[in-house]
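In case you want the letters, here they are:
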Amino acid sequence: MPQRAKTDAEIEACFDVMAELRPHLKKHEFLSTVRNMESEGFCLIYIATDNKVVAVAGYRICSNLFMGKHLYVDDLVTAGEERSSGYGKRMIDWLRGKAKTTDCKFLHLDSGTQRGRAHKFYFQEGFTITSYHLSEEL
C-alpha cells in the first residue's frame, strides 16, 4: 500500500526513483523543493519493498471552474527494474480511492507524448485523452 512521505528521510528516499521520470532534478535540492511544494498542496507518496522505494507519485487536490474539485497527479513512476510488477496499478488504485474519499469529481494527469508504454498503462486503467495540454517556456 502506498504511504505518504512525511519525514525528510522518506522524501529523500524517493529521489532516485523520481529522478528516473524527472532527470533534471538535483538530489541536493529535492527535499527543499518537495517541502516548498507541500506548502502549495503537493503530497508525495511511495511504495517500498525490502526497505527500498520502488514507486513514487506526487499529487495535489484542488479546484477549478472546469473540473470542480479534482486530484491531479503531478508525477507517477515505478523504478525501471520494477516495471510491470503491479506497482503502478497499486498507485493508481490508491490515488483513485483518495480522490473518491475526498469528494473529487476527477482524477487526471498529463503524460509526455513520447511515453507510449505509460499511455498504454493509463488506457488499461480507464483513462482517456480529454484535451491537449499546451505550454510555453518563459
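A. Fine view of the overall build of the protein chain. From N to C terminus, the protein chain includes five helices and five strands. Beginning at the N terminus, the succession of helices and strands in the protein chain can be written as β-α-α-α-β-β-β-α-β-α. Here the protein chain has a C-alpha radius of gyration of 15 Å; the compact-globule value for 138 residues is 14 Å, and the two agree. In terms of overall dimensions, the protein chain has C-alpha extents of about 40 × 35 × 35 Å along its principal axes.

B. Spatial organisation of helix α3 (residues 27–38). For α3, spanning 12 residues, the distance from its first C-alpha to its last is 17 Å, which sits close to the expected 16 Å at 1.5 Å a residue. Within α3, the full set of buried residues consists of F30, L31 and V34. In an axial view of α3, the angular spread of the buried residues amounts to 90°, which keeps them on one side of the axis. Of the exposed residues in α3, the ones pointing more than 90 degrees away from its buried face are H28 and N36. Elements in contact with the buried residues of α3: α1 (8–13), α2 (15–21) and β2 (42–49).

C. A look at the environment of P2. Residue position: P2 is located in the segment before β1 (3–4). Take P2: its relative accessible area is 7%, and that puts it in the buried class. Residues P2 and D93 lie 91 residues apart in sequence; the distance between their C-alpha atoms is 9.8 Å. Aside from chain neighbours lying at most four places away, what touches P2 is I45, Y46, I47, R90, M91 and W94.

D. Spatial organisation of the sheet that holds β1. With mixed pairing, the five strands of this open sheet are ordered in space as β1-β2-β3-β4-β5. The sheet is open, and its two borders are formed by β1 and β5 (106–109), each paired with just one other strand. Note that β2 and strand β3 (residues 52–64) share eight bridges and pair antiparallel. Paired with I45 across the strands is A57, a residue of β3. Packing against the sheet, α3 makes contact with β1, β2, β3 and β4 (68–78), and its axis sits at approximately 130° to β2.

E. Layout of the pattern of salt bridges. Enumeration over the complete set of coordinates arrives at 12 salt bridges. When the shortest N-O distance is used, the salt bridge between R35 and D8 registers 2.7 Å. With R35 in helix α3 and D8 in helix α1, this residue pair connects regions lying 27 residues apart in the sequence. D8 gets classed as partly exposed once you look at its relative accessible area, which sits at 38%.

F. Inspection of the packing of aromatic side chains at higher detail. Counted by the stated rule, this structure contains four aromatic pairs. Measuring from ring centre to ring centre gives 5.3 Å for F15 and F30, while their planes differ by 70°; the resulting arrangement is edge-to-face. One end of the pair, F15, is in helix α2; the other, F30, is in helix α3, with 15 residues separating them in the sequence. Residue classification places F15 among the buried residues on the basis of a relative accessible area of 8%.

G. Representation of the side chain of E82 within the structure. The residue E82 is located in the loop between β4 and α4 (87–101) in this model. The side chain of E82 sits in the buried core without any salt bridge; K52 is the nearest counter-charge, 5.2 Å away. Residues contacting E82, with those up to four places away along its chain left out, are V54 and Y87.

What counts and what doesn't
Residues numbered from 1 in each chain as written. Predicted model: local features only at pLDDT ≥ 70, side-chain atom pairs only at ≥ 80, totals over all residues. Heavy atoms only, no water. Helix = DSSP H or I, 4+ residues; strand = E, 2+ residues; numbered from the N terminus. Rg over C-alpha atoms; globule rule 2.2 N^0.38 Å. Expected span 1.5 Å × (residues − 1). Buried < 20%, exposed > 50% of the residue type's maximum accessible area, 1.4 Å probe, protein only. Arc of directions from axis to C-beta. Contact = heavy atoms within 4.5 Å. Pairing = 2+ DSSP bridges. Axes fitted to C-alpha atoms, helices over the stretch in contact; angles between N-to-C directions. Salt bridge = Lys/Arg side-chain N within 4 Å of Asp/Glu carboxyl O. Phe/Tyr/Trp six-rings, centres within 6.5 Å; stacked < 30°, edge-to-face > 60°. Lys, Arg positive; Asp, Glu negative; His and termini not counted.

The values are spatial; any link to function lies outside them.
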